[in-house]
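Residues per chain, in single letters:
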Amino acid sequence: MKSRIGYRKDFWLMIAIGSVLVILVILLGVSFFKAISDSETKSKREFLMKQTELAATEIEIELDRFEVNAKSLIEFLGDEDLDEDDYREEFTNAVRRVFNNYPRLIDTVWVNLQDSIIYLTQTDRNDFIRSRSNGSMPTKKDHDFIFSTGKNNMGFSLTFTLSPVRFTKDFVTHYYLNKGGSKLLMLGDKLENLDPGQDVDMLKIDEAALKKIQDDVEIGVIGIYEIDWVKGSTSGAGILVQYPFNIGEFYDNAALLFMVESVSIMDGIYSTYLFLFAGFVFLLIGTVIFFTLSLQTNLESQKLLKESAEEISELFDQQNLLLKELRGFVFFHNAKGQITQVSDEVEEVLGHPKSEFLNAFRSEDGYLGAINIKRLVNSALSKNQSFIDVEYDFHKPDDTKVRLRIFEKLIFDEQGVFNGGLGICTDITGHYLSNQELIESGKRLQNLIDNIPDIIFIYNNEGKVLDSHSKEQKFLKSVESSLIGDSLFDLVPKKQREQTQFAFNLARKTEQIQTVDLKINLGHENQYFEVRFFPLDTKRMMSISKDITSQRIWEKGLVDAMNAADLASRAKSEFLANMSHEIRTPMNGLLGIIDLLDQTNLDAEQLQYLDIIKNSGNSLLSIIKDILDYSKIEAGKIEINSRVFSPAEELEKQVQIFYGLAQKKGVILTTAHGPGTKEMMEGDVEKINQVILNLVGNAVKFTPKGGTVMVQMEIENISGDLNYLRCSVTDSGIGIPKEEIAKLTDPFYQVESSSSRSYQGTGLGLAIAKKIVEMMGGELIISSDFGMGAVFAFSVILKKAKYENENTFSELPKRTNWNGMATEYPARILLAEDNDLNLQLMTLMLDQLGYDFAVAKNGLEVLDLVKSEEFDMILMDVQMPLLNGLEASRKIRELGERGEMFIIGLSANVFDEDQRKATNAGMDDYLTKPIRLVLLAEKIKEYFLKKESKKI
């Protein structure tokens, strides 16, 4: 009885091992079939794409050729040498050829001969018919597909009624598809059957796939789709390729659709493979059964164990490749714990040779690892277990640490006596580390989610809430109900649902983050959230909502503050612009009259009085300029305008202005410039000169008699063409207290600010200089000791010029008396000015220069005079009634040759944007008030020379 029980255990053990083997073979076969099936499906998709693309391209080419040939017929009718017979015979033959070239495309050709309408058509028997029509030319209302050529030079026109579906159906018949394939033509939202035969059932596509195809066709995108189809009484799945193409001028949104059935497991070679594989599996099962039954009749218990070991050893040898992939080895041991057989992979897994592994289990005091395995086997036997399964860390000889798993089956004979074991040892280091990393990653992810301050929702693809999380739970608790199962779009205010749904669907479709801002009313207060939607996986969506209520409040306050600041700045700019205009208008009269008086014969006392008035006027103008310059800098309306110049030459020009004042005060004024300063550089020379004038003027003003002022300039190369221009002004003047130096560049600040101060000024000069230097990438540095003089130094970045500056009219005229210059530089001048004071001043100036001129007091008068008389130049006031100077300039330029004259703008507005407006309006130049006699004379001379140069 015990023998029978032992036999049954061994018998079922064999059945289990055989079953595992069969299952492994089945899994191998299924994997092999899937690989072949995937390869075949890919091949079919590529073939179907090529077929569809080729067919669509050829159809498009044929339709383009048809349109060309159709248009050639109307050109044929336009030949003036054609007689009546030619219209009947040659034209009919030409039309027949077009019919024959594009079989079954053309239904009828309608010809409008003005006095009559004829039509030509071809029957199914190829009979060609030409006849007169009693009706009118067909239109889109009469036929879906119409192509018209338009009228020729004789008023004839052609209209073709077409059957593109019939043409396409015949055209694609020679494009082969597998059995069960189908061809369709999509015209707009309508599908046309292209399968051969009159009564062939049309392929019907599932609604979701059809909608996707229609959307792709509408935007002209090629597509491959997995579809479910129905055709008559049959249905199934298939692969469909859609290729949009141009069907000609007579229809839009056309696409060719080819479909083949998906390959099933019972098709063709797959069914053969499946049957062969099934036969092999049955054969293998039969072999296992046969092998198991043979053990029952031929072997006794001991012999059964030995033969079983031999059979398993043979199976073990056949699985070497599998063991290598699994990084494992198989071993057998007897009841004493001695290894009887081990696979060669043991050295790769453990790092020890096969001989060492065998010896470790044979010695009594053997290897520690072997002793542990034996202890595990004895423990399993004591607990009546039939197997052991253990994992532990193992150190290789090179001290590499690996994770091993040992699974061993304990073998007993028929009497239940332990005879040994069969084990598999595998290196699971990679799997073990992956699991550990997965565990740690899960912990990190959970910690991250638990500490995210934002609100997290998870939805299905329809927007239903599946889960939610909020660290503070303030929002979730305020809802006072669970949101699980609710629709996202029901939770959003009605006014924001469409926007939210659009962002949700777009994120699902594009798989990219979409953001929407929501305003949620939580009873007594409103909360603002920035919600970001993105796909979590193919079936779920996720959103992260950030509470931006405080940010919105801050932004609103910031916007209000910015608007208030902008209004204040705009009001300030408008005030300064108006004040500039109002102040410069009387200044124009004052300084203009001074210039006119200066050209008259005056005695010494009168010249002294005039000099005092001139200096006072210039000082007042300088103060106004300083205030406006600082205002422009503060408003960010000042620009850097580069031109080519020589730094050393410009320095000498600016310093020369102060030589007279310095000599009068007894101050020694000298200059020094280093190497490279005479080379040509690119930069805003006007603003650099403005800084130099300010610094040198201050030095001369604050240096007492007998003192010195030294101006030094040098160039330092930075890299390539970039250079630093360094300029310092050193004086031996009164100096500045150290505690006052930092305040010198503050606007309107003066060290001596009492009403009895010794030195006059606005206190804006250094503030303007500092701003200009910083705008040009430099720095203004001030150093001084009280009573010991001061050093004012600045540096700006310049670029070495690649060409010399050539400006014919850049130098100021050398003459000082401009009386009667009209004889030397004659010109016909139109003066446009509405202010009586300015008009009187300009009249005196032009009279003194010797010019006869016409006067206009508004823009409309200017236009009338320009149209009726010829002028060389117009002195155009910008602000005039009825039509201002800018609009008048634009209208003059629209007159063509009549408007080709020089226009010089006159205005008290000095901002750069005012000058840009003048240039954009068509003005050639711009003079700011107060207008000086010398500058006016210079401009007239300059544009006279330009006019003469054009004649050469």
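Residues numbered from 1 in each chain as written. Predicted model: local features only at pLDDT ≥ 70, side-chain atom pairs only at ≥ 80, totals over all residues. Heavy atoms only, no water.

Visitor: Sorry if this is basic, but what is going on with the overall build of the protein chain here?
Guide: Looking only at helices and strands, the protein chain has 26 helices and 33 strands in total. Here the protein chain, with 952 residues, has 43% of them falling under the buried criterion. Here the contacts in the protein chain between residues at least 6 apart in sequence split such that 59% fall between residues at least 24 apart. (Helix = DSSP H or I, 4+ residues; strand = E, 2+ residues; numbered from the N terminus. Buried < 20%, exposed > 50% of the residue type's maximum accessible area, 1.4 Å probe, protein only. Contact = heavy atoms within 4.5 Å.)

Visitor: Sorry, what's going on with the pattern of salt bridges here?
Guide: In a structure, side chains of opposite charge can pair up when their charged atoms sit close to one another. Using the criterion set out here, one finds 28 salt bridges in the structure. Residue K939 is joined to D925 by a salt bridge in which the shortest nitrogen-to-oxygen separation is 2.8 Å. With a gap of 14 residues between them, K939 in helix α26 (residues 933-951) and D925 in strand β33 (residues 925-928) connect regions that are remote in the sequence. A relative accessible area of 17% places D925 in the buried class. Among the ionic contacts, a cluster of salt bridges with common partners joins E391, D393, K401 and R403. (Salt bridge = Lys/Arg side-chain N within 4 Å of Asp/Glu carboxyl O.)

Visitor: Help me out: how do you make sense of the sheet that holds strand β12 (residues 328-334) in this one?
Guide: Strand pairing in a sheet is mediated by backbone hydrogen bonds. Such pairs are either parallel or antiparallel. If you trace the 5 strands from one edge of the open sheet to the other, you get β13-β12-β16-β15-β14, paired in antiparallel fashion. Looking at the sheet topology across the chains shown, the edges are occupied by β13 (339-342) and β14 (387-395). The mean angle between the axes of side-by-side strands here comes to 20°, regardless of whether they run parallel or antiparallel. Alignment of strand β15 (residues 401-412) against strand β16 (residues 418-427), held across 9 bridges, turns out to be antiparallel. If you follow L410 over to β16, its bridge partner there is G421. (Pairing = 2+ DSSP bridges. Axes fitted to C-alpha atoms, helices over the stretch in contact; angles between N-to-C directions.)

Visitor: Please explain the environment of K354 as it appears in this structure.
Guide: Assignment of secondary structure puts K354 in helix α9 (residues 354-360). Through-space distance from the C-alpha of K354 to that of V342 is 7.6 Å; in sequence the pair is 12 residues apart. Those residues in contact with K354, other than ones at most four positions away along the chain, are V342, D344 and V346.

Visitor: Explain helix α19 (residues 685-701) here, please?
Guide: Since the α-helix turns once every 3.6 residues, residues separated by three or four places project in the same direction. Taking 1.5 Å per residue, 17 residues should reach 24 Å; α19 reaches 24 Å between its end C-alpha atoms and fits that length. With 12 of 17 residues buried, α19 lies mostly within the body of the structure. (Expected span 1.5 Å × (residues − 1).)

Visitor: How should the packing of aromatic side chains be read in this particular structure?
Guide: Where two aromatic rings form a pair, the distance of their centres and the angle of their planes describe that pair. Scanning the model with the defined rule gives 17 aromatic pairs in all. Ring centres of Y459 and F504 lie 5.8 Å apart, and the angle between their planes is 85°; on these two criteria the pair is classed as edge-to-face. You can see Y459 sitting in strand β17 (residues 455-460) and its partner F504 sitting in helix α14 (residues 494-510), a full 45 residues away along the chain. Side by side, Y459 and F504 carry an identical accessibility label, which is buried. Site record: aromatic cluster; members linked through ring pairs are F457, Y459, F489, F504 and F533. It is K183 that lies over the ring of F258; its NZ or CZ is 5.8 Å from the centre. Sitting above the plane of the Y724 ring, R726 keeps its charged end 4.9 Å from the centroid. (Phe/Tyr/Trp six-rings, centres within 6.5 Å; stacked < 30°, edge-to-face > 60°. Lys NZ or Arg CZ within 6 Å of the ring centre and 35° of its normal.)

Visitor: Teacher, can you tell me more about unusual backbone geometry here?
Guide: One can expect most non-glycine residues to show negative phi and most peptide bonds to be in trans. Within the chain, D399 stands out as a residue other than glycine whose phi angle is a positive 70°. In this structure, D399 sits in the loop between β14 and β15. Of note, L882 is a non-glycine position whose phi angle comes to about 65°, a positive value. Position of L882 among the secondary structure elements: in the loop between β31 (873-877) and α24 (885-893). Exposure remark for L882: the relative accessible area of 69% places this residue in the exposed category.

Visitor: Please clarify how the pairing of β14 should be interpreted in this entry.
Guide: Look at any regular strand and the pattern is simple: side chains alternate between the two faces of the sheet. As judged from the 9 bridges shared by β14 and β15, these two strands associate in the antiparallel manner. Bridging across to β15, F387 finds its partner in K409. The turn joining β14 and β15, which pair antiparallel and follow one another in sequence, is formed by 5 residues; a positive phi near 70° is taken by D399.

Visitor: I'm lost on the nonpolar core in this one. Help?
Guide: Within soluble globular proteins, side chains that are nonpolar tend to cluster in buried spots. Ranked by size, the top nonpolar core spans 49 residues in total, and within it F66, I106, V111, L158, F160 and L256 carry the most contacts. With 11 residues, the top contributor of residues to this core is helix α1 (residues 2-77). Contact partners of F160, with chain neighbours within four places excluded, come to F66, A70, L73, I106, T108, V109, F145, I146, F147 and T149. By size, the runner-up hydrophobic cluster in this structure holds 39 residues, among which are F645, A662, M681 and M776. (Core = buried A, V, L, I, M, F, W, Y, C linked by side-chain atoms within 4.5 Å.)

Visitor: Help me understand helix α10 (residues 368-382) in this model?
Guide: Over its 15 residues, α10 extends 21 Å from the first C-alpha to the last, a length consistent with the 21 Å expected when each residue adds 1.5 Å. Three or more residues of α10 are buried, namely A370, I373, V377 and A380. The buried residues of α10 occupy an angular sector of 85° when projected down its axis, which confines them to one face. Structural note: α10 exposes L368, R375 and S382 on the side pointing more than 90 degrees away from its buried face. Considering only its buried residues, α10 is in contact with β12, α9, β14, β15 and β16. Following α10 by one or two positions, N384 has its phi on the positive side, about 60°. (Arc of directions from axis to C-beta.)

Visitor: Got a minute to help me understand the sheet that holds strand β10 (residues 234-245) in this structure?
Guide: Spatial strand order, β7-β6-β11-β10-β9-β8: 6 strands in an open sheet with antiparallel pairing. Strands at the two margins of the open sheet, each flanked by one partner only, are β7 (190-193) and β8 (204-205). Two strands pair when backbone bridges link them, and β8 and strand β9 (residues 223-231) are joined in this way by 2 bridges, in the antiparallel orientation. Paired with I205 across the strands is W229, a residue of β9. Along the sheet, helix α3 (residues 164-171) makes contact with β6 (182-187), β7 and β11 (254-261), crossing β6 at roughly 150°.

Visitor: Help me understand the environment of F145 in this model?
Guide: Within the element layout of this structure, F145 appears in the loop between β3 (128-133) and β4 (146-148). A residue is classified by how much of its surface remains accessible, and F145, at 12% relative accessible area, is buried. Each C-alpha atom, one on F145 and one on D107, is 10.0 Å from the other, the two residues being 38 residues apart in sequence.

Visitor: Honestly, the packing of helix α23 (residues 859-868) against α24 in this entry has me stumped. Any pointers?
Guide: For any two helices packed against each other, the geometry is given by the interaxial angle and the distance between the axes. Between α23 and α24, whose axes approach to 9 Å, the crossing angle comes to 25°. By the angle between their axes, α23 is roughly parallel relative to α24. At the point where α23 passes α24, the crossing takes the right-handed sense. The residues of α24 that touch α23, namely those facing G859, V862, L863 and V866, are A888, K891 and I892. Each residue belonging to the contact of α23 with α24 can be placed in one class, and the counts come to 5 nonpolar, 1 polar and 1 charged. (Parallel < 35°, antiparallel > 145°, perpendicular 65-115°, else oblique. Left-handed = near helix turned anticlockwise from the far one by under 90°. Nonpolar A, V, L, I, M, F, W, Y, C, P; charged D, E, K, R; others polar.)

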